[in-house]
Amino acid sequence: MITKKVDIDLVLLCISLFIFLSFINPLISVVYASPGDDSNDKEIGVEWVNYYYGSAPDLEYTDEDANGFLDYLISKGFYEKFRFGNSFAWEKDFEKPSVGGWDYIYADAADFVYFAGHGDDTPAFYFGVNEDGDGNYPYMLHYSEAEWGDEDLEWIFLSACECLAESSYYRWKSAFKGLHGITGFDTVSNDTPTLGELFARYLTDWNYPIGRAWKYATMYDPNQYSWVYAAIYRVVVYTRDGLLVFDYSNDYLPGYGSGIHKDPTYYQNYPNRFYILYQWNHWRCN
């Protein structure tokens with residue numbers, strides 16, 4: 001479990017030094033392995049923002065929302081990869097390395113990630129401090145800065161307004177680098193303390209696949225209302241003759257149902273046999 005971001009600069013310095021020494025000493029061999037490339041498929045990461053320090057209105061319950069999701073899954077045998085809130089929740093935790101991010105240490109080093117905070121139909125989700133990798137799009141994870149799934153990440157769950165708005169959800173397609181799917185909201189949503197844990201209960205106690213678990217959690221969360229619409233955006237695989245192979249909304253958490261399906265990149269290696277589509281659905285809450 002990574003708990004202190006102040007350690008990361010030291011870690012990166014040590015990695016750089018090791019690589020440098022490998023070039024000057026032929027007896028040293030380098031074997032690169034991403035921090036996210038591991039066999040543990042039950043790693044959970046969460047971030048939340050209650051306090052926006054004047055850049056946006058503060059929120060009251062995002063900590064309970066995100067921690068409820070993580071803590072309930074820990075009680076079911078899952079593992080905490082990271083847990084950061086407020087001034088320790090940073091956009092570059094979700095950003096790809098080419099824009100100065102280190103998602104390979106955080107967001108893409110966990111299998112499932114939950115974010116609770118502000119969002120909009122850019123699409124983007126927002127942070128309270130400016131910890132941007134390259135200085136572009138400060139205070140936000142802009143869709144163009146994300147490439148997820150080339151390491152561990154399977155699903156990202158966004159408890160944030162409009163991140164999957166009908167007008168712009170398709171822009172997330174560029175972030176799918178092995179990612180199975182994104183859940184979120186089509187419309188403005190409510191600040192809720194209960195959604196994360198309720199979602200976790202549907203995934204485990206009631207053994208629902210991810211798509212249906214998100215649907216029922218958002219529909220029956222007592223803090224969402226009928227004018228709120230939730231949504232899901234995910235990969236669907238077909239054979240070349242149009243037969244459905246797999247809809248990733250039918251993924252289960254590891255250890256439940258049929259578990260997590262093989263990554264979309266498996267099918268992309270056989271373009272003459274399979275093709276990938278991206279599908280979006282939404283529904284009214286309550």
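Refer to the structure printed above.
Now for a quick tour of the structure. All of these numbers come straight from a predicted model, not from anything done at the bench. (Residues numbered from 1 in each chain as written. Predicted model: local features only at pLDDT ≥ 70, side-chain atom pairs only at ≥ 80, totals over all residues. Heavy atoms only, no water.)

## Things to note about the nonpolar core
- In terms of nonpolar packing, the biggest core is built from 77 residues, with Phe125, Trp148 and Trp172 touching the most fellow members.
- When near neighbours in sequence (up to four residues on either side) are disregarded, Phe125 contacts Phe94, Phe115, His118, Gly119, Tyr139, Met140, Leu141, Trp148, Ile156, Leu158, Cys163 and Trp172. (Core = buried A, V, L, I, M, F, W, Y, C linked by side-chain atoms within 4.5 Å. Buried < 20%, exposed > 50% of the residue type's maximum accessible area, 1.4 Å probe, protein only. Contact = heavy atoms within 4.5 Å.)

## Section: a nonpolar patch on the surface
- Taken together, the side chains of Val188, Tyr225 and Trp227 present a nonpolar region at the surface, about 310 Å² in accessible area.
- Residue position: Trp227 is located in the loop between helix H4 (210–220) and strand S9 (229–239).
- Assessed through its relative accessible area of 47%, Trp227 is described here as partly exposed. (Patch = residues over 30% accessible without salt bridge, like charges linked within 9 Å, V, L, I, M, F, W, Y side chains within 5 Å. Areas by Shrake-Rupley, 256 points an atom, 1.4 Å probe, with all protein chains shown as cover. Salt bridge = Lys/Arg side-chain N within 4 Å of Asp/Glu carboxyl O. Helix = DSSP H or I, 4+ residues; strand = E, 2+ residues; numbered from the N terminus.)

## Here's the deal with the packing of helix H3 (residues 195–203) against H4
- Their axes nearest at 8 Å, the elements H3 and H4 cross at an angle of 140°. The angle between the axes of H3 and H4 places the two elements in the oblique class. H3 and H4 meet at a crossing whose hand is right-handed. Of the residues in H4, those touching H3 at Leu195, Leu198, Phe199, Tyr202 and Leu203 are Ile210, Ala213, Trp214, Tyr216, Ala217, Thr218 and Tyr220.
- Grouping the amino acids of the contact of H3 with H4 by side-chain chemistry returns eleven nonpolar, one polar and no charged. (Axes fitted to C-alpha atoms, helices over the stretch in contact; angles between N-to-C directions. Parallel < 35°, antiparallel > 145°, perpendicular 65-115°, else oblique. Left-handed = near helix turned anticlockwise from the far one by under 90°. Nonpolar A, V, L, I, M, F, W, Y, C, P; charged D, E, K, R; others polar.)

## Brief notes about the packing of aromatic side chains
- Going through the model one piece at a time under the given rule, you end up with 36 aromatic pairs.
- Between Phe84 and Tyr106, the aromatic rings sit 5.4 Å apart at their centres with planes inclined by 75°, giving edge-to-face as the arrangement. Of this pair, Phe84 sits in strand S2 (residues 79–85) while Tyr106 sits in the loop between S2 and strand S3 (112–116), placing them 22 residues apart in sequence.
- Given a relative accessible area of 0%, Tyr106 falls into the buried group.
- Relative to Phe274, the ring of Tyr267 lies with its centre 4.9 Å away and its plane at 80°, an arrangement referred to as edge-to-face.
- Of the residues examined, Tyr267 reaches a relative accessible area of 5% and is grouped as buried.
- Residue classification places Phe274 among the buried positions, given a relative accessible area of 11%.
- An aromatic cluster of at least three residues, connected via ring pairs, comprises Phe69, Tyr114, Trp155, Phe157, Phe185, Phe199 and Trp214. (Phe/Tyr/Trp six-rings, centres within 6.5 Å; stacked < 30°, edge-to-face > 60°.)

## Regarding the pairing of S2
- Of all the seven residues making up S2, five are buried; the element is thus mostly covered by neighbouring parts of the structure.
- Pairing geometry for strand S1 (residues 43–48) and S2, over six bridges, is parallel. Counterpart to Gly45 in the pairing with S2 is Phe82.
- Assessed by its sense of winding, the connection that carries the chain from S1 through helix H2 (residues 62–74) to S2 is right-handed. (Pairing = 2+ DSSP bridges. Right-handed = clockwise from strand over helix to strand, strands pointing away.)

## A closer look at the environment of Ser55
- Among the structural elements, Ser55 can be located in the loop between S1 and H2.
- By relative accessible area, which is 44% here, Ser55 ends up partly exposed.
- Sequence spacing of Ser55 and Phe127 is 72 residues, and the spatial spacing of their C-alpha atoms is 8.8 Å.
- Here Ser55 is in contact with Phe127 and Tyr139, once residues within four sequence places are set aside.
- Here Tyr52 takes part through its backbone oxygen, which lies 2.8 Å from a polar atom of the side chain of Ser55. (Polar contact = N/O pair within 3.5 Å; in protein donor to acceptor, adjacent residues only side chain to side chain.)

## Looking at the side chain of His118
- Topologically, His118 is positioned in the loop between S3 and strand S4 (119–120).
- Judged by its relative accessible area of 18%, His118 falls in the buried class.
- Side-chain polar atoms of His118 contact the backbone oxygen of Pro57, separated by 2.7 Å.
- With residues near it in sequence (within four places) discarded, His118 still touches Tyr52, Ala56, Pro57, Leu59, Phe125, Tyr126 and Ala160.

## A word on the pattern of salt bridges
- On inspection of all chains with the given rule, the structure shows eight salt bridges.
- A salt bridge links Arg83 to Glu80, with the shortest nitrogen-to-oxygen separation between them at 2.8 Å.
- Residue Arg83 is classed as partly exposed on the basis of its relative accessible area, which comes to 25%.
- Of the charged contacts in the structure, one is a salt bridge between Arg234 and Asp247, with a shortest N-O distance of 2.9 Å. Separated by 13 residues along the polypeptide, Arg234 in strand S9 and Asp247 in strand S10 (residues 244–247) bring together distant segments of the chain.

From the geometry alone we can't say anything about function, so treat these as descriptive.
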